[in-house]
Amino acid sequence: MANLINKLLIVKPLSPMFIALFLLGIILLWVMTKILKGATEGAKRGVYIAICLLTIAGFFCYKYALSLDTEYDIVADKYGGFNWWQELPLHLCNIHMMLMPIAVATKKRSLLSFCFFVAPLGALMAILMPALGFSGYSILLPRILGFYGIHIIIIMEAIALYTLDFYKPEYKDLPGAALMLLIVATIVFGINLILKFFKLCPNPNYFFLMQTEGNPILELFYKYIPCPFLYALPCILILAVYMLLVTFVIRTFISKNK
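A.B. asks: Explain the overall build of the protein chain here, please?
C.D. replies: Of regular secondary structure, the protein chain possesses 10 helices and 2 strands. Listing the helices and strands of the protein chain from first to last along the sequence gives α-β-α-α-α-α-α-β-α-α-α-α. Overall, the C-alpha framework of the protein chain stretches about 50 × 50 × 30 Å when taken along its three principal axes. For the protein chain, the proportion of its 258 residues judged to be buried stands at 44%. Pairs at least 24 residues apart make up 70% of the contacts formed inside the protein chain by residues separated by at least 6 positions.

A.B. asks: What exactly am I supposed to notice about helix H7 (residues 142–163) here?
C.D. replies: Each α-helix turn comprises 3.6 residues. Residues three or four places apart therefore point the same way. In a regular helix each residue adds 1.5 Å, so 22 residues correspond to 32 Å; H7 covers 30 Å between its end C-alpha atoms and thus fits that length. Burial analysis of H7 places 16 of its 22 residues in the buried class, the great majority of the element. Two residues or fewer past H7, Asp-165 is found with a positive phi of approximately 70°.

A.B. asks: Where do I start with the environment of Ala-178 in this structure?
C.D. replies: Summarising the element assignment, Ala-178 is placed in helix H8 (residues 174–197). Sequence separation between Ala-178 and Leu-237 is 59 residues; the distance between their C-alpha atoms is 9.0 Å. With sequence-adjacent residues up to four places away left out, Ala-178 is seen in contact with Ile-236, Leu-239 and Met-243.

A.B. asks: I would appreciate a short explanation of unusual backbone geometry in the present structure.
C.D. replies: Trans peptide bonds make up the majority, and among non-glycine residues the majority have a negative phi. Non-glycine residue Leu-14 carries a positive phi angle of around 70°. With respect to the helices, strands and loops of the structure, Leu-14 is situated in the loop between strand S1 (10–11) and helix H2 (16–35). The exposed category is assigned to Leu-14, whose relative accessible area is 60%. Of note in this structure, Phe-207 is not a glycine but carries a positive phi near 70°. Its location among the elements puts Phe-207 in the loop between H8 and helix H9 (216–224).

A.B. asks: Mind showing me how you'd approach the pattern of salt bridges here?
C.D. replies: Side chains that differ in sign of charge can pair as their charged atoms come close. Evaluated as defined, the whole model comprises 9 salt bridges. Among the salt bridges present, the one from Arg-143 reaches Asp-69, with a minimum N-O distance of 2.8 Å. Placement of the pair is Arg-143 in helix H7 and Asp-69 in the loop between helix H3 (41–67) and helix H4 (70–75), with a sequence separation of 74 residues. As a salt-bridge pair, Arg-143 and Glu-71 come within 3.1 Å of each other at their nearest N and O atoms. With Arg-143 in helix H7 and Glu-71 in helix H4, the pair connects residues that are 72 residues apart, well separated along the chain.

A.B. asks: Looking at this structure, how should I read the side chain of Asn-215?
C.D. replies: Its place among the elements puts Asn-215 in the loop between H8 and H9. According to the relative accessible area criterion, Asn-215 is buried, its value standing at 12%. Among the polar contacts listed, one links the side chain of Asn-215 to the backbone nitrogen of Ile-217, at a separation of 3.0 Å.

A.B. asks: Looking at this model, I keep getting lost on the nonpolar core. Mind explaining?
C.D. replies: The tendency in soluble globular proteins is for nonpolar side chains to be buried as a group. Tyr-48, Phe-117, Leu-161 and Phe-207 are the most contacted members of the largest nonpolar core, which totals 77 residues. For this core, the elements supplying multiple residues, two or more each, are H2, H3, helix H5 (92–106), helix H6 (109–128), H7, H8, H9 and helix H10 (235–257). Among all residues touching Leu-161, those that are not within four sequence positions of it are Tyr-48, Met-100, Val-104, Leu-112, Cys-115, Phe-116, Phe-166 and Tyr-167.

A.B. asks: Could you clarify how one ought to interpret the packing of H3 against H7 in this entry?
C.D. replies: One can describe the packing of H3 onto H7 by two numbers: an axis separation of 10 Å at closest approach and a directional angle of 160°. Comparing their axes, H7 and H3 come out roughly antiparallel. At the point where H3 passes H7, the crossing takes the left-handed sense. For the pair formed by H3 and H7, the contact residues are Tyr-48, Ile-51, Cys-52, Thr-55, Gly-58, Phe-59, Tyr-62, Ala-65 and Leu-66 on the first element and Pro-142, Arg-143, Gly-146, Phe-147, Ile-150, Ile-153, Glu-157, Ala-158, Ala-160 and Leu-161 on the second. Grouping the constituent residues of the contact of H3 with H7 by class yields 14 nonpolar, 3 polar and 2 charged.

Reading the values: rules and limits
- Residues numbered from 1 in each chain as written.
- Predicted model: local features only at pLDDT ≥ 70, side-chain atom pairs only at ≥ 80, totals over all residues.
- Heavy atoms only, no water.
- Helix = DSSP H or I, 4+ residues; strand = E, 2+ residues; numbered from the N terminus.
- Buried < 20%, exposed > 50% of the residue type's maximum accessible area, 1.4 Å probe, protein only.
- Contact = heavy atoms within 4.5 Å.
- Expected span 1.5 Å × (residues − 1).
- Salt bridge = Lys/Arg side-chain N within 4 Å of Asp/Glu carboxyl O.
- Polar contact = N/O pair within 3.5 Å; in protein donor to acceptor, adjacent residues only side chain to side chain.
- Core = buried A, V, L, I, M, F, W, Y, C linked by side-chain atoms within 4.5 Å.
- Axes fitted to C-alpha atoms, helices over the stretch in contact; angles between N-to-C directions.
- Parallel < 35°, antiparallel > 145°, perpendicular 65-115°, else oblique.
- Left-handed = near helix turned anticlockwise from the far one by under 90°.
- Nonpolar A, V, L, I, M, F, W, Y, C, P; charged D, E, K, R; others polar.

Below, the structure written as structure tokens:
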């Protein structure tokens, strides 16, 4: 019995615990949307921003726990082990985590579209193709709960931009969202180069622009484009298809029945 429980606690892509965590996120999103359905716009914004700030606080608690995780330090030794310069909130999901409350507070459509389209895809790819040390371990480990919990919350917060009526996608928003991703990726690549040049950490790899770290999609791109940063550019094509599909489904089927 104990072995069965331990097995069920293991989190890896599409495992029972993975699916349970994702379903819990969907349920919480549905409950929040229902509770706030009749609320004023100001109340919705206040609750949403508060949840985002709690997520950011949770992220830093998770990173602190990660700094104390000796097992992770050993597992991640291939990439230099734990280093605070490699754990800054500069990955795509982290950037969206901080941008979403700003987007809602300022009502900037460009930020809203960037967060709505890119955040769920980026966070989903992160948990479906987790980095070294984040797959095949118990949910009871702080780093596993933090990693999957934060990413799933980010996905739900991005979807909530639509369910709480902060943003409704339009086709005209798509080029701007893709361009913003390219601009942000270029800036982050520059940060990677600076960290590497000044030897602040052994293997800076924000946005996975310096090395693929075993990501199967990036490995495929790197096979044909063996150059840092450039091998990740085809991801924008994936994003474009995803944005078109999401916008079509929402505008054609969901919005009409909402």
